[in-house]
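Secondary and tertiary structure notes
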Amino acid sequence: MSSKKSKIIEITLFSLILIGLMTVASLFDLQISNLLTKGALKEGAFYTHNFMGALVEVIGSFPIFLALLVATLALGNMFFKKEGKLKYIGWIFVLLAIVDMTWITRDTFKYILRLVGNEPLYKEWWMMIVYIVIGTPIALLSHYFYVKKVNDELNKKFISFTWVILFTCAFYLLINIIKGPVGRMRYRAMNEIGDFTGYTPWYVISDAKNVYGDLVSTSDAFKSFPSGHTFSAGCCYVLLAVPDIFEKFNSKKYRILSYVITVCYTGLVGLYRIRVGAHYLSDVTIGGTIAYVAAQASRYIFITRKNKLLTQE
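In what follows, the accompanying structure is described.

Reading guide: rules and limits
- Residues numbered from 1 in each chain as written.
- Predicted model: local features only at pLDDT ≥ 70, side-chain atom pairs only at ≥ 80, totals over all residues.
- Heavy atoms only, no water.
- Phe/Tyr/Trp six-rings, centres within 6.5 Å; stacked < 30°, edge-to-face > 60°.
- Buried < 20%, exposed > 50% of the residue type's maximum accessible area, 1.4 Å probe, protein only.
- Lys NZ or Arg CZ within 6 Å of the ring centre and 35° of its normal.
- Helix = DSSP H or I, 4+ residues; strand = E, 2+ residues; numbered from the N terminus.
- Contact = heavy atoms within 4.5 Å.
- Salt bridge = Lys/Arg side-chain N within 4 Å of Asp/Glu carboxyl O.
- Axes fitted to C-alpha atoms, helices over the stretch in contact; angles between N-to-C directions.
- Parallel < 35°, antiparallel > 145°, perpendicular 65-115°, else oblique.
- Left-handed = near helix turned anticlockwise from the far one by under 90°.
- Nonpolar A, V, L, I, M, F, W, Y, C, P; charged D, E, K, R; others polar.
- Disulfide = S-S within 2.5 Å.

1. So, the packing of aromatic side chains
Within this structure, the stated rule accounts for 18 aromatic pairs. Measuring from ring centre to ring centre gives 5.2 Å for Tyr-187 and Phe-196, while their planes differ by 50 degrees; the resulting arrangement is tilted. With relative accessibility at 5%, the residue Tyr-187 sits in the buried group. A network of ring pairs unites the aromatic residues Tyr-187, Phe-196, Tyr-199 and Tyr-280 as a single cluster. Lying across the ring of Trp-103, Arg-106 places its NZ or CZ 4.6 Å from the centre. Over the aromatic face of Tyr-254 sits the side chain of Lys-253, whose NZ or CZ is 5.0 Å from the ring centroid.

2. Concerning the environment of Ala-221
You can see Ala-221 is positioned in the loop between α9 (208–212) and α10 (228–234). A relative accessible area of 0% places Ala-221 in the buried class. Ignoring any residue separated from it by four or fewer positions in sequence, one finds Ala-221 in contact with Phe-46, Arg-184, Met-185, Arg-186, Ala-189 and Val-216.

3. Things to note about unusual backbone geometry
Geometrically, the link from Phe-225 to Pro-226 is a cis peptide bond, its omega value of -10 degrees lying close to zero. Summarising the element assignment, Pro-226 is placed in the loop between α9 and α10.

4. Section: the environment of Trp-126
Examined against the element boundaries, Trp-126 turns out to sit in helix α5 (residues 125–149). Note on Trp-126: relative accessible area 38%, which makes it partly exposed. In sequence terms Trp-126 and Ile-290 are 164 residues apart; their C-alpha atoms lie 36 Å from each other.

5. A closer look at the pattern of salt bridges
Overall, the coordinates contain 12 salt bridges when judged by the stated rule. The closest approach of N and O atoms between Arg-273 and Glu-57, which form a salt bridge, is 2.6 Å. You can see Arg-273 sitting in helix α12 (residues 252–275) and its partner Glu-57 sitting in helix α2 (residues 51–60), a full 216 residues away along the chain. Take Arg-273 and Glu-57: they sit in the same class, and that class is buried. Across the pair Lys-157 and Glu-247 runs a salt bridge whose closest N-O atoms are separated by 2.5 Å. You can see Lys-157 sitting in helix α6 (residues 152–170) and its partner Glu-247 sitting in the loop between α11 (242–245) and α12, a full 90 residues away along the chain. Salt bridges here are not isolated pairs; linked through shared partners, they connect Glu-57, Arg-114, Arg-188 and Arg-273.

6. Some remarks on the packing of α2 against α12
Contact geometry for α2 and α12: axes closest at 9 Å, N-to-C directions at 130 degrees. For the element pair α2 / α12, the angle class is oblique. For the element pair α2 and α12, the recorded crossing hand is left-handed. Where α2 approaches α12, its residues Met-52, Gly-53, Val-56, Glu-57, Ile-59 and Gly-60 are matched on the opposing element by Tyr-265, Leu-268, Val-269, Tyr-272 and Arg-273. Looking at the contact of α2 with α12 residue by residue, the classes come out as 7 nonpolar, 2 polar and 2 charged.

7. Remarks on the state of the cysteines
All chains considered together, the criterion is met by 0 disulfides. The structure places no disulfide on Cys-236, whose sulfur is separated from the nearest cysteine sulfur, that of Cys-235, by 8.0 Å. Using a relative accessible area of 10% as the deciding quantity, one classes Cys-236 as buried.

Take a look at the structure:
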């Protein structure tokens, strides 16, 4: 099968699945949440105490943080190998790695403390010291071993991968730009107040914050659409570019495996975001879709198109 024909089939299949999921979501978003939250979200509760749901909340956002760590490693290594003052730019990426690992530590503590019923503790100023103490050595050791083990030729391949990562992760800004104006009320916020009249379909701008804002425990209750958590999980779609960059993985087996792993992981996170009442089917579908499209677009721009141009030359 030609590459062009394969791409047409992939796009067609993706479009059909997206249309199907969004059609179902448009008709049954609330009913699906009613069904999936049973046993995971107690009546009157905002947060779940379901262990699996909480675990997926913890690990769900890992891909975006780990992808950004890889980007800092590759760029840092590139500058450390340069001559003169340029090498000192490498330390900027070490600092960014520390920030990245500190933030993922903070994120992890937030969900763990939420599970045990003490979420406000993660915002205490002294907890930031804990996050830094944990995140800093992870970042420093990562850079140390990367510089020691990765040669210049291999690092060039990681640099190509880095552009895919940065382009994909940048679309998280789009997620946050959409969330505020749409103002969709989370399922668990309606569960907290015992009133589900604040529900609106994904394609309707909601006024729920003005109506129910004083009744819920957090302003985050009105940021349901689209799902940032599912987008963060979907950043694992950058792995689809790995077979294009590293010859060792450039086989049909690894390409299929990369799709299976990324789709299943993102789907699992999306499923549990619905189960804990944080999002609806439409929220997680669009969050994951934005990540997928961004990853595939960056893969084409920075790898496929570049390879075609080099071949033509």
